[in-house]
Amino acid sequence: MDKQRILISRAIFPEVIDKLAAHFEIEGNQADEPWSQDEFVRRLANKHGVFTTSSERIDSALLGACPDLKICANMAVGYNNFDVPAMTSAKVLGTNAPGVLTETTADFGFTLLMAAARRVSESEHWLRAGKWNRWRYDLFAGSDVHGSTLAILGMGRIGRGIARRGAHGFGMRVIYHNRSRLDSTTEAECKASYVSKEELLRTADHLVLVLPYTSESHHAIGAAELALMKPSATLINIARGGIVDDAALAHALREKRLAAAGLDVFEGEPKVHPELLTLPNVVLTPHIASASVPTRMAMAHLAADNLIGYLLHGKPVTPLNPEVMEWKKS
Ligand code: GLV
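Residues numbered from 1 in each chain as written. Predicted model: local features only at pLDDT ≥ 70, side-chain atom pairs only at ≥ 80, totals over all residues. Heavy atoms only, no water.

A. Fine view of the sheet that holds strand E8 (residues 192–194). The sheet built from seven strands is open, its strands ordered E8-E7-E6-E9-E10-E11-E12 with parallel pairing. The strands lining the two open edges of the sheet, one partner per strand, are E8 and strand E12 (282–284). On average, adjacent strands in this sheet sit at an angle of 20 degrees to one another, irrespective of strand direction. Sheet topology note: the strand E6 (residues 149–153)/strand E7 (residues 173–177) ladder contains five bridges and is parallel. Note that in E7 the partner of Leu153 across the bridge is His177. Along the sheet, helix H5 (residues 102–117) makes contact with E6, strand E9 (206–209), strand E10 (234–237), strand E11 (260–263) and E12, crossing E10 at roughly 150 degrees. Where helix H11 (residues 246–254) meets the sheet, it contacts E10, E11 and E12, and its direction lies at approximately 145 degrees from that of E11. (Pairing = 2+ DSSP bridges. Helix = DSSP H or I, 4+ residues; strand = E, 2+ residues; numbered from the N terminus. Axes fitted to C-alpha atoms, helices over the stretch in contact; angles between N-to-C directions. Contact = heavy atoms within 4.5 Å.)

B. Representation of the site of the ligand in the model. Inspection of the region around the ligand gives Ala76, Val77, Gly78, Leu101, Arg240, His287 and Met299 as its neighbouring residues. With respect to the ligand, the backbone of Gly78 contributes an N or O atom lying 2.8 Å from an oxygen atom. Between the ligand and Arg240, the relevant distance is 2.7 Å, taken from an oxygen atom to a side-chain nitrogen or oxygen of the residue. Bound to the protein, the ligand loses 87% of the 190 Å² it would expose on its own. Considering only residue class, the shell around the ligand consists of four nonpolar, two polar and one charged. (Near = heavy atom within 4 Å. Polar contact = N/O pair within 3.5 Å; in protein donor to acceptor, adjacent residues only side chain to side chain. Areas by Shrake-Rupley, 256 points an atom, 1.4 Å probe, with all protein chains shown as cover. Nonpolar A, V, L, I, M, F, W, Y, C, P; charged D, E, K, R; others polar.)

C. Seen up close, the sheet that holds strand E1 (residues 5–8). As summarised here, the arrangement of the five strands in space is E2-E1-E3-E4-E5, forming an open sheet in which the pairing is parallel. Where the open sheet ends on each side, the last strands, each with one partner, are strand E2 (25–27) and strand E5 (93–95). The average angle at which neighbouring strand axes cross in this sheet is 15 degrees, direction not considered. Where E1 and strand E3 (residues 49–52) come together, three bridges link them in parallel fashion. Bridge pairing in E3 places Ile6 opposite Gly49. Contacts between helix H2 (residues 37–44) and the sheet are confined to E1, E2 and E3, with E3 contributing the most and set at about 145 degrees to the helix.

Right, here's the structure in full:
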């Protein structure tokens, strides 16, 4: 029997390519060429599966042009690049990569929180510029992390990982807001208390965003929400660009209506709002919260295992729309 055909949209670990090549005919992109959407669709037109990262868009136009497509396997936990209802109508399975990146991403939430609160990037740039010539009582004095109030918006796996770090590691008081409240055992484990979004914003010393990006969470933090926060507070976004109104955030940081921010994701990334680039009180990183070598490897293997599991055995590991499996394509 002929091997099924797979498209791998971006460069990935060679061992993952080898693993997939043992089962499928592969078209890869190890040169990491940027493909336009048209080019992506053209290459995908005769494929049975695709390995995506969070940058490739799977929408109804693409699905209409790819009649053989059965599965899109995202090497990311977030899947706002997938139109899942359109995929379900087209009987195309979507899979994401949950679980394997939780702890690494929670670590990075704390990395940004600490860096922003304690002014790490700002002071390092200043030192590198040769400006350090004497001690000063308030030199880069920031805000405390230990014992402060950690506020988490979105309390999925990563949110809970951040809560545990804050409560158990830094003795923080943890509050959270989420679409649904956690059960009491999980709340106790995370030492986290449920509050309204307004109370969360008003009370936060450090607010960490870890919610999925949907039409409802677009600009969940805009000028009105920022205005409710303490001027001494820190805002951390490791979720998705678009959840924060970056222009409003830049304005609040410039006006010192918010002390500091740490951002790993941006509206329209890899473009970054130009005003953010000029501000000292924001730590900026290029969407690397899950980027430890073992975690990126585990994410790539999970995406590959979803392709192999579904296309060869009808058993994906982490399906998003499992109902598709009921009505398998002929
Ligand atoms: C990264 O942003 C992911 O969704 O895995």
